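# What the coordinates show
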Amino acid sequence: MSKLVSIIIPTYNRAHLLRETLDSVLTQTYQEWECLVIDDGSTDDTPELMQYYQEKDARFSYHKRPGDRPKGANTCRNYGFEISKGEYVNWFDDDDLMQPEKLEVQLRSMSLEDVHFCVCRTHIFEGEKRNILGLRFKEQSSPNPLMDYLKMKIGWMTPSVLWKRKTLENFDELFDEELNAAQEWEFHSRALAYGCQYLAIDETLDLIRKHNESISYHNDVASREWNYFLARLKIYRNGKFTLDQASHTYLADYLLNSFKKMIVTRSAFMMKAYSIYILPSKRMGPGAKINALLAIMSFRVFNKGNLFLQKIKYETLTKSR
């Protein structure tokens, strides 16, 4: 089982949390790893912290996101993959923790199954690691994994996944660098739609930290929901795989309901959603598109307009996008 595992950690101004994350990497019972920390432009003492860890253990390396590439954790994840060397890859986050046996257990499990990736269970904690709030996802597998993943009936976090490198090398794109949230949902939805097979093990090997700086828990609800909408739209429109009718219908309904919710809440993103989804839609006639625009104007001015909302409908049930 002596295979190199690349642990790739994007970071930005998290030196106060990153130390504990790196310590959890050091405690791994499986020793054949490299840990690449990709800095997204930190202005805190991350460079000094990384110098300390590189001197402590040569398996750590510190890299800065290339200046000609977009800022963001997804760019750092992609760049880290490009310069990594491991036969297996585990993207991790700079505020989360590995249990000591994480790599060993997942590698051993994958050696017994012909799968593309392996997921483990994840606990949420707040403050100190002993303050466990519960499981992040209760279910990780089902007879229909793509549909249930789309609906978030099953799920897992990016740090929970150990990948075979040769699988990832077949992807035309890894993490979508346009997304600031829901990027792992979009990425893993694509993987399942491509036909990737996975193994879910019933052991909690990751701890994810709940705090206000986390994308998953920050208070900018409108921005987070916009990224959820955009991620679903990307899967809905992806021409590199064919969704079954049930999945296609689910995403279409999600997008329409999300758009209507943006109108009702007067989201700053409702016109953008109108421009990139409603206006070019082949499933909506001129009347529905006009009523969508009237609904936006009515809720903006009068904070009401349910009559217009009710007339925003799809015309057909075909798979036109």
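A brief structural summary. Since the model is a prediction, treat every value here as computed from it, not as a measurement.

The rules behind these values
- Residues numbered from 1 in each chain as written.
- Predicted model: local features only at pLDDT ≥ 70, side-chain atom pairs only at ≥ 80, totals over all residues.
- Heavy atoms only, no water.
- Helix = DSSP H or I, 4+ residues; strand = E, 2+ residues; numbered from the N terminus.
- Polar contact = N/O pair within 3.5 Å; in protein donor to acceptor, adjacent residues only side chain to side chain.
- Contact = heavy atoms within 4.5 Å.
- Phe/Tyr/Trp six-rings, centres within 6.5 Å; stacked < 30°, edge-to-face > 60°.
- Buried < 20%, exposed > 50% of the residue type's maximum accessible area, 1.4 Å probe, protein only.
- Lys NZ or Arg CZ within 6 Å of the ring centre and 35° of its normal.
- Core = buried A, V, L, I, M, F, W, Y, C linked by side-chain atoms within 4.5 Å.
- Axes fitted to C-alpha atoms, helices over the stretch in contact; angles between N-to-C directions.
- Parallel < 35°, antiparallel > 145°, perpendicular 65-115°, else oblique.
- Left-handed = near helix turned anticlockwise from the far one by under 90°.
- Nonpolar A, V, L, I, M, F, W, Y, C, P; charged D, E, K, R; others polar.
- Pairing = 2+ DSSP bridges.

### So, the side chain of N78
Mapped onto the elements of the fold, N78 is located in helix 3 (residues 73-83). At 2.9 Å, the side chain of N78 forms a polar contact with the backbone oxygen of F175. Residues within four places of N78 in sequence aside, it is in contact with R69, L174, F175 and E177.

### Overview of the packing of aromatic side chains
Tallied over the full model, the rule gives 22 aromatic pairs. On the numbers, 5.8 Å between centres and 55° between planes, the contact of F171 with F187 is tilted. One end of the pair, F171, is in the loop between helix 6 (165-168) and helix 7 (183-193); the other, F187, is in helix 7, with 16 residues separating them in the sequence. For the pair F171 and F187, one class covers both residues: buried. An aromatic cluster is defined as three or more aromatic residues linked by ring pairs; in this entry it consists of F81, W91, F117, Y149, W156, W163, F171, F175, F187, Y194, Y198 and F241. Across from the ring centre of F81, 4.4 Å away, lies the NZ or CZ of R165, which sits over that ring.

### Quick word on the nonpolar core
By size, the foremost hydrophobic cluster in this structure holds 59 residues, and its most contacted members are W91, F117, W156, W163, F259, I263 and I312. For W163, the residues in contact, after removing those within four places along its chain, are E87, Y88, V89, W91, H116, F117, L168, F171, F187, H188, A191 and C196. Counting residues in each nonpolar core, the second largest holds 30 residues, with I9, Y30, Y62 and V115 among its members.

### Notes on the packing of helix 8 (residues 221-237) against helix 9 (residues 245-264)
For the pair helix 8 and helix 9, interaxial distance at closest approach is 10 Å and the crossing angle is 150°. Viewed along their axes, helix 8 and helix 9 adopt a mutual orientation that is roughly antiparallel. Handedness of the crossing formed by helix 8 with helix 9: left-handed. Contacts between helix 8 and helix 9 pair E225, W226, Y228, F229, R232, L233, I235 and Y236 from the former with H248, L251, A252, Y254, L255, S258, F259, K261 and M262 from the latter. Here the residues of the contact of helix 8 with helix 9 are counted per class, giving twelve nonpolar, two polar and three charged.

### Re the pairing of strand 9 (residues 198-209)
With two bridges connecting them, strand 5 (residues 97-98) and strand 9 associate as antiparallel partners. The residue of strand 9 that forms the bridge with L97 is L207. Relative to strand 9, strand 6 (residues 117-125) runs parallel, the two sharing eight bridges. Looking across to strand 9, one finds that C118 is bridged to L199.

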